Every structure is written in structure tokens, then in C-alpha cells.
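Understanding the architecture of this molecule
Each chain is listed here by its residues.
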Amino acid sequence: MGLFNLFKHVDINAEVEAMKAIENAVLLDVRSKEEYLGGHIPGSKNVPVENIEKVVDVIADKNTPVFVYCLRGSRSASAVSAMEKMGYTNAKSIGGIVSYKGKTVIGSN
């Protein structure tokens, strides 16, 4: 069962809805600043994956539920792995904005 779960499709739309119901949860976009400004999910924070060590400036409490997305899902998985090494206990990759059906915002939050 475990190996097949590795390839299980994550529905970013369902995950964003689930995140809204969790108190203090953070939606984290790990795409570049340019990608983020070009359109992101409302309320998300931006820490590009190449600067993921700076996530501590945005999310100080390492037990905070963090829902991480990028364009297609590979950078968010890398970011979650890095965050776990940094001591974050509740970070989850929710895939890519390319599959997101909801409203997006252009520019900064």
C-alpha cells in the first residue's frame, strides 16, 4: 500500500478548502517571486523554494499546519522535505496551482 500512496494524486482544490477549516494554517507558495506576482491563491505567503530556509521569517512556529504548493507539485515536495529537515512537523505538499480552479490574485497580497 505505501508505495502506491507515493503516487496518489493530491487535489489542490480540496486541500485549499481543508486548509481554510484549520485554525492558523498557512498556505505557502514556493514558486519564484515573479511567478507569485503573476497569479497566486488569495491569502498565500511566498517563500521561493531556493530560499526555503527563510520560511522561519514567515512561519516561526514549526508546528503550524503548512499547505505548500508550486506550479506542478515538484518544488512543493522539495520544499516540504527541506522544511521537515528544519524541524517543521506539519508541512504538506498539496500540488500545483496549474490544477487550481479557484480565484487567483495578481500582484502582492
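Structure report, in brief. Along every chain, residues carry numbers that run from 1 in the direction the sequence is written. Local features in this predicted model are restricted to residues whose pLDDT is 70 or higher, and side-chain atom pairs enter the listing and the counts only when it is 80 or higher, whereas totals over whole chains, interfaces and linings include all residues. Computation of side-chain values covers all heavy atoms of the structure but excludes hydrogens and water.

Looking at the overall build of the protein
Put simply, the rule is: Starting at the N terminus, helices and strands are each numbered in turn, a helix being any DSSP run of H or I of at least four residues and a strand any DSSP run of E of at least two. Radius of gyration: over C-alpha atoms. The globule rule applied is 2.2 Å multiplied by the number of residues raised to the 0.38 power. Partly exposed describes any residue whose relative accessible area lies between the buried limit of under 20% and the exposed limit of over 50%, with all areas from a 1.4 Å probe on protein chains only and scaled to the type maximum. Per-residue and other accessible areas were derived by the Shrake-Rupley procedure at a 1.4 Å probe size, with only the shown protein chains allowed to occlude residues. Neither His nor the chain termini are counted; the positive set is Lys and Arg, and the negative set is Asp and Glu. Lysine's charge is taken at NZ, arginine's at CZ, aspartate's at CG and glutamate's at CD.
Along its length, the protein carries five helices and four strands. Rg of the C-alpha trace for the protein: 13 Å, near the compact-globule value of 13 Å for 109 residues, within the 12% margin. Buried positions account for 40% of the 109 residues belonging to the protein. When the accessible surface of the protein is totalled, it reaches about 6,300 Å², and 55% of it is carbon and sulfur. Distance between charge centroids for the protein: 4 Å, based on 13 positive and 12 negative side chains.

Some thoughts on the layout of surface pockets
Rolling a probe over the atoms, with the probe sized like a water molecule, indicates the empty space that remains. Our working rule: A 1.4 Å probe that fits but cannot get out identifies a cavity on a 1 Å grid over protein atoms alone, an open set with protein on both sides within 12 Å along at least five of seven lines counts as a pocket, and a residue lines either if it has an atom within 4 Å of a point. Grid points are joined across faces, edges and corners, and a volume is the space filled by probe spheres set on the points. Residues were grouped as follows: Ala, Val, Leu, Ile, Met, Phe, Trp, Tyr, Cys and Pro as nonpolar; Asp, Glu, Lys and Arg as charged; and all remaining residues, including Gly, as polar.
If you add up the space inside the second largest pocket, you get close to 160 Å³. What lines the second largest pocket is simply Val-16, Met-19, Lys-20, Ala-25, Val-26, Leu-27, Ile-41, Pro-42, Gly-43, Lys-45, Tyr-100 and Lys-103. Taken together, the elements giving at least two residues each to the lining of the second largest pocket come down to helix H2 (12–20) and strand S1 (26–29). Take the lining of the second largest pocket: its biggest share by element is three residues, from H2. Residue classes in the lining of the second largest pocket are distributed as eight nonpolar, one polar and three charged.

A word on the environment of Glu-53
Considering the arrangement of structural elements, one finds Glu-53 in the loop between strand S2 (45–46) and helix H4 (55–58). By relative accessible area, Glu-53 is classed as partly exposed at 45%. With 26 residues separating them in the primary sequence, Glu-53 and Ala-79 have C-alpha atoms 9.4 Å apart.

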